[in-house]
Amino acid sequence: MDLHVVGPAATPDERAAVDAVLDPEIGVASGWTGGERSPGDGHVAYGGHGARSRRDLLLPALEALQGSAGWVSRGGLNHVSRRLSVPPAEVYGVASFYALLPTTPRPPTVIHACDDLACRLAGAEALCAGLEAALGPAGDADDGADTTWLRSPCLGQCERAPAALVTIAGSAPRARAVAPATHTTLLDAAATPGDSPDPDPERVATLVPQTGDPGLRLLARCGSVDPTSLDAYRASGGYEALARARAMGPGAVIDEVTASGLVGRGGAAFPTGRKWAAVAAQPATPHCLVCNADESEPGTFKDRALLEEDPFAIIEAMTIAGFATGAELGYCYLRGEYPLARARLENAIAQARAAGLLGGDAGFDIELRIGAGAYIAGEETALFESIEGGRPEPRNKPPFPVEFGLFGKPTTVNNVETLANVPLLLRLGADAYRAIGTGGASTGPKLFCVSGDVARPGVYETPFGATLGDVLALAGGVRDDRPLQAVLLGGAAGVFVGPDAVGLPLTFEATRAAGATVGSGVVLVYDDTADLPDALHRIAAFFRDESCGQCVPCRVGTVRQEELLARLAAGRPLGSLDQELALFADLAQGMRDASICGLGQTASSAIESALRAGLVRFAEPAEPAGATA
Amino acid sequence: MTAQQDLDRIFREPPARPSRVPEAPPPPAREVVELTIDGTPVTVPAGSTILEAARGLGIDTPTLCYGETLTPVNVCRVCVVEVAGARVLAPACSRKVEPGMDVRTDSERVRLARRMVLELLGSSVEVDLAGPALPDGSIAGYLERYDADPTRFGPPAAAAAAGDRDARQPGHHHAPAGDAPAAATVDQPVKVDNDLYVRDYSRCILCYKCVEACGTDAQNTFAIAVAGRGFDARISTEFAVPLPESACVYCGNCIQVCPTGALMFRSEHELREAGAWDEPSQTVTDTICPYCGVGCTLSLHVQDERIVKVMSPLDSGVTHGNLCVKGRFGTEFVQLLPKGTRLPGDPPAA
Ligand SMILES: Cc1cc2nc3c(=O)[nH]c(=O)nc-3n(C[C@H](O)[C@H](O)[C@H](O)COP(=O)(O)O)c2cc1C
Ligand code: SF4
Ligand code: SF4
Ligand code: SF4
Ligand code: FES
Ligand code: FES
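Residues numbered from 1 in each chain as written. Chains lettered and ligands numbered in written order. Predicted model: local features only at pLDDT ≥ 70, side-chain atom pairs only at ≥ 80, totals over all residues. Heavy atoms only, no water.

### A few points about the overall build of chain A
- The helix and strand tally for chain A stands at 26 helices and 15 strands.
- Counting the 629 residues in chain A, one finds 62% classified as buried.
- Look at the contacts in chain A between residues 6 or more apart in sequence, and 70% of them connect residues 24 or more apart.
- With the model as given, the accessible surface of chain A reaches about 21200 Å², and the carbon-plus-sulfur share is 53%.
- Of the charged side chains in chain A, 50 are positive and 75 negative; the average position of the first set lies 3 Å away from that of the second. (Helix = DSSP H or I, 4+ residues; strand = E, 2+ residues; numbered from the N terminus. Buried < 20%, exposed > 50% of the residue type's maximum accessible area, 1.4 Å probe, protein only. Contact = heavy atoms within 4.5 Å. Areas by Shrake-Rupley, 256 points an atom, 1.4 Å probe, with all protein chains shown as cover. Lys, Arg positive; Asp, Glu negative; His and termini not counted. Charge placed at Lys NZ, Arg CZ, Asp CG, Glu CD.)

### Quick notes on the packing of aromatic side chains
- Going through the model one piece at a time under the given rule, you end up with twelve aromatic pairs over all chains.
- Between Tyr92 of chain A and Phe239 of chain B, the aromatic rings sit 4.8 Å apart at their centres with planes inclined by 40 degrees, giving tilted as the arrangement. With Tyr92 of chain A in helix H5 (residues 88-95) and Phe239 of chain B in the loop between strand S8 (234-236) and helix H6 (253-257), the pair connects residues from two separate chains.
- Note on Tyr92 of chain A: relative accessible area 3%, which makes it buried.
- In this structure Phe239 of chain B comes out as buried when scored by relative accessible area, which is 19%.
- Ring centres of Phe265 of chain B and Phe329 of chain B lie 4.9 Å apart, and the angle between their planes is 40 degrees; this geometry places the pair in the tilted category. Of this pair, Phe265 of chain B sits in strand S9 (residues 263-265) while Phe329 of chain B is found in helix H8 (residues 325-329), placing the two residues 64 residues apart along the sequence. (Phe/Tyr/Trp six-rings, centres within 6.5 Å; stacked < 30°, edge-to-face > 60°.)

### Regarding unusual backbone geometry
- Pro286 of chain A follows Thr285 of chain A through a cis peptide bond whose omega is -10 degrees.
- Lys397 of chain A connects to Pro398 of chain A through a cis peptide bond whose omega is 0 degrees.
- Note on placement: Pro398 of chain A falls in the loop between helix H17 (380-388) and strand S8 (411-415).
- Although it is not a glycine, Asp147 of chain B sits at a positive phi angle of roughly 55 degrees.
- If you trace the backbone, Asp147 of chain B turns up in the loop between helix H4 (139-145) and strand S6 (197-199).
- Its identity as a non-glycine residue notwithstanding, Tyr250 of chain B has a phi of 55 degrees, on the positive side.
- By the secondary structure assignment, Tyr250 of chain B is in the loop between S8 and H6.
- We classify Tyr250 of chain B as buried; its relative accessible area is 15%.

### Quick word on the site of ligand 1
Residues and elements named next belong to chain A.
- If you check the shell around ligand 1, you find 19 residues, and the closest are Gly266, Lys275, Asn414, Asn415 and Thr418.
- Within the side chain of Asn414, an N or O atom sits 2.9 Å from an oxygen atom of ligand 1.
- Protein burial of ligand 1: of its 610 Å² of free accessible surface, 89% is covered by the chains.
- Mapped by element, the contributors of at least two residues to the shell around ligand 1 are S8 and helix H25 (598-602).
- Considering each element in turn, the shell around ligand 1 owes the most residues, three residues, to S8.
- When grouped by side-chain class, the residues that make up the shell around ligand 1 number four nonpolar, nine polar and six charged. (Near = heavy atom within 4 Å. Polar contact = N/O pair within 3.5 Å; in protein donor to acceptor, adjacent residues only side chain to side chain. Nonpolar A, V, L, I, M, F, W, Y, C, P; charged D, E, K, R; others polar.)

### A short note on the confidence of the model for chain A
- Averaged over every residue, the pLDDT of chain A is 94; the share at 70 or more is 95%.
- Confidence over residues 624-629 of chain A falls short of pLDDT 50; this stretch has twelve contacts with residues more than four positions distant or in other chains. (pLDDT = per-residue confidence, 0-100.)

### Things to note about the interface of chain A and chain B
- The interface of chain A with chain B comprises 69 residues on the first partner and 66 residues on the second.
- On the chain A side of the contact with chain B, Tyr92, Arg560 and Asp593 of chain A bury the most area, a combined 12% of that side's loss.
- Put simply, Glu546 of chain A and Arg229 of chain B hold a salt bridge, and the shortest N to O gap is 3.2 Å.
- The interface formed by chain A and chain B contains 27 residue pairs in polar contact (both at pLDDT 80 or more).
- Counting residues per element, the side of chain A that touches chain B draws most heavily on helix H23 (residues 552-569) of chain A, at ten residues.
- Residues of the side of chain A that touches chain B, tallied by class, amount to 30 nonpolar, 18 polar and 21 charged. (Buried area = accessible area lost by both parts, 1.4 Å probe. Salt bridge = Lys/Arg side-chain N within 4 Å of Asp/Glu carboxyl O.)

### As for the side chain of Asp593 of chain A
- Here Asp593 of chain A shows up in helix H24 (residues 577-594).
- Assessed through its relative accessible area of 4%, Asp593 of chain A is described here as buried.

### A look at the domain arrangement of chain B
Residue and element names in this part refer to chain B.
- Domains assigned within chain B are domain 1 (32-153) and domain 2 (185-336).
- Taking the mean C-alpha position of each, domain 1 and domain 2 sit 26 Å from one another.
- Contact between domain 1 and domain 2 buries roughly 1900 Å² in total, counting both sides, with carbon and sulfur atoms accounting for 64%.
- Applying the counting rule to domain 1 against domain 2 returns one salt bridge.
- Notably, a salt bridge pairs Arg203 with Asp128, separated by 2.7 Å at the nearest N-O pair.
- Where domain 1 touches domain 2, the interface holds six residue pairs in polar contact (both at pLDDT 80 or more). (Domains from an automatic or database assignment.)

### Comments concerning the side chain of Ser246 of chain B
- Within the fold, Ser246 of chain B resides in the loop between S8 and H6.
- Among the polar contacts made by the side chain of Ser246 of chain B, one reaches the main-chain carbonyl oxygen of Leu243 of chain B at a distance of 2.8 Å.
- Setting aside chain neighbours within four positions, we find Ser246 of chain B in contact with His4 of chain A together with Ala223, Thr237, Glu238 and Val241 of chain B.

Below you can see the structure in the form of structure tokens.
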């Protein structure tokens, strides 16, 4: 392949930002980029080969470019292309996938205002209207303006809705969460961002309302132990589990995890011990480990609580997982919209390295990778593609990750909350751990992300077995004691249930039997005043925006579904309501059966459930509008 | 001893030949897999796909993104089949057979899924040229077979202006409430930016074939890639620059594999625009490229004594359908000779 790079060059700032990321990894500039050439005729340029095998640096390099200039310019992209020996068309294909990597000029300061499910219930539209009045239409970038605003899908701050994220590009790029936000606090934050990624003094108390409750296991340290101090972590029992694991040996650790009955908390509910054993048994090496911290399911923010308030526990858990499955390097893939979690993880990794618990003789190290605004990158195989520097398009399975995962190697991928259970179960022992919860597939404690119309939204921990009513009671019940209209379980890819479901135990078995799901632990509450048709339309819009576009059923199906919901919400169905519902049923089945990945397969499930349970009834139009063309 | 000395020695003292030709080792026993397709038991070599097994039984399975010469990307999903016990349908073009598999290629679920794929494509893309002359069969025929009605999603939305789809940014887009949107399409003006071929992306079904042909499956030029995401995903050069500013070397291997007519010789495009494209009157003549010693097979499509496009047979052992710019586009000189010119070796004039 000849690299054919034409057009403008990077600005000195763009170059410096990219080189600061690449130089430590692939050495200083190669002959390609003005570095050393062969003595004599200068014909040979050294350095290209090392770079070519490091395509996985593509996303970090593009992020550096965006952080410096506010967008991915053609000159900057050309520089990345040359340095990593990746054709510019492919680099463009990657950059143009991510919402946080614009390929057209954008002002340095961007307010990302969430208008997703929980925030809509808390006045997101009014917030957006205020921003529009102050800054013009979303995405408007008048020449010379230094601030613009955009609508965003769920930012994982639903307990403090309406939420926003301010990002500021420049020589020291910054990001800051603002929640709850008003358009004036947002404009202030954009003008004087300060240094803290999340300066809200009430943050922990709002995020984890059970703080200090002696019954907590997963959330025990949240709000009680300093999340920035390794010493504090150790003083609270940290790293005891790793010591125990080392004493037991890898096989015994896997047996213990299997015996505990732990299943994945990322949505698919796969037995963790079985996954680990499958990877450990693979002859191909090296084995890889990935912690999935891309948490982007609307309504989900439990992983954020763990990452912000107990980051060392995730690091210890990854170290144990690496030890058990034979992986020497673990990647933690964190969504790009979590600036505080990022700072806490960076700090924790640095402290653990300094203490010899990571890197060097520890036999295990962690690399933090930051997402750039793509829900689909949380799907495990899309996540691998993202780390490898490709477009995060899910792979067809089989082969499964345990056999062919990251870089084509046997790979363990686990959700943050799943991993957080590992040190706990090793300290308690499998039997004691199993005794928490209801047995069967639902052992141990579970986190729920309660948001919407409740008195005290937040992340709540209960042993498996608590009913929906129990979880609602923990959060103080429906706000202002209004009647309950519906609850969305499991997020946009989940299921709506009605008030008759308050007795439903939120276990894997019971929800499955009831046609519902635990999913990512979302419990999004709608009181009797909520506009459910609007929520359904927003869910449809979410999948339309977040489909990777690879396969036809999802790429076009999510668009047709969104158009259909828009017609119904506007009371202007095509033909009769029955005709629309029949069309929806066909779309739903086509997407579920023929899509490549879980996104397309579940894109209709929440909407379908609301219709099936009669929670939403769309009105027949007074006079049927235009029939099919 | 240096390599050169080694060679010299072997040349001077050739190793003794064995007294008789050694016997060829027995061919390795080919592993086979037994499965059932639509109730018929079938035995195929291990490693076959369901598509290959079904074709062996004479079952016509529609495909769009599958190409014999390309790595399967399994994205169009028109080939899906039902495998007993699986939660979702499987793409026949890439799923490998497994012992005991029980496959249905015409169940209700399969028919609905294929119909939806065809309706979704037909409602968003101009598919009228995706015809039997192109490698993978006819969308029109499939639409009929599966009773697909692409109009049932409502009237189509207006076409995008030139460059509009190329500039779309990923992320959350907000449509004001109260509007009843028309059915979105990929309709947009044709890109005509060079003399050799045009790109009409309102015909593009995003099958990835051109990207594969331009990349590691054939050309290794990487001039084009998929950009954007979701419904805004598109085939693009970097920043959608015109082809002459890109890495494109005009090998035309992308045109060769494109199943929809989205990529088209400029000559064909102009004749079609003028309403003068007349396929039934055309002849196709296979010949050898005159330029270099590789000897690629060219299939010259000739209309009215004019070469209107040059393809190469996918099953040619030399080209697998791939050419370089000279063979693909360098035949114009033939037309430059005055009509009736006789070349050496031509039969004498009557
Ligand atoms: C569209 C989509 C998005 C996903 N996003 C996430 C995510 O953000 N975090 C996560 O842990 N798992 C996510 N998953 C699930 C992962 O693919 C995978 O099953 C999970 O990380 C495995 O971890 P576990 O076994 O510990 O649950 C997603 C799946 C799909 C289909
Ligand atoms: S189902 Fe959707 S998100 Fe998943 S691969 Fe297909 S297009 Fe991409
Ligand atoms: S003509 Fe050849 S080089 Fe140009 S885009 Fe097509 S395949 Fe790539
Ligand atoms: S241009 Fe043709 S080959 Fe390329 S993706 Fe579109 S339809 Fe497929
Ligand atoms: S942060 Fe707005 S819905 Fe989650
Ligand atoms: S032909 Fe099988 S998915 Fe396209």
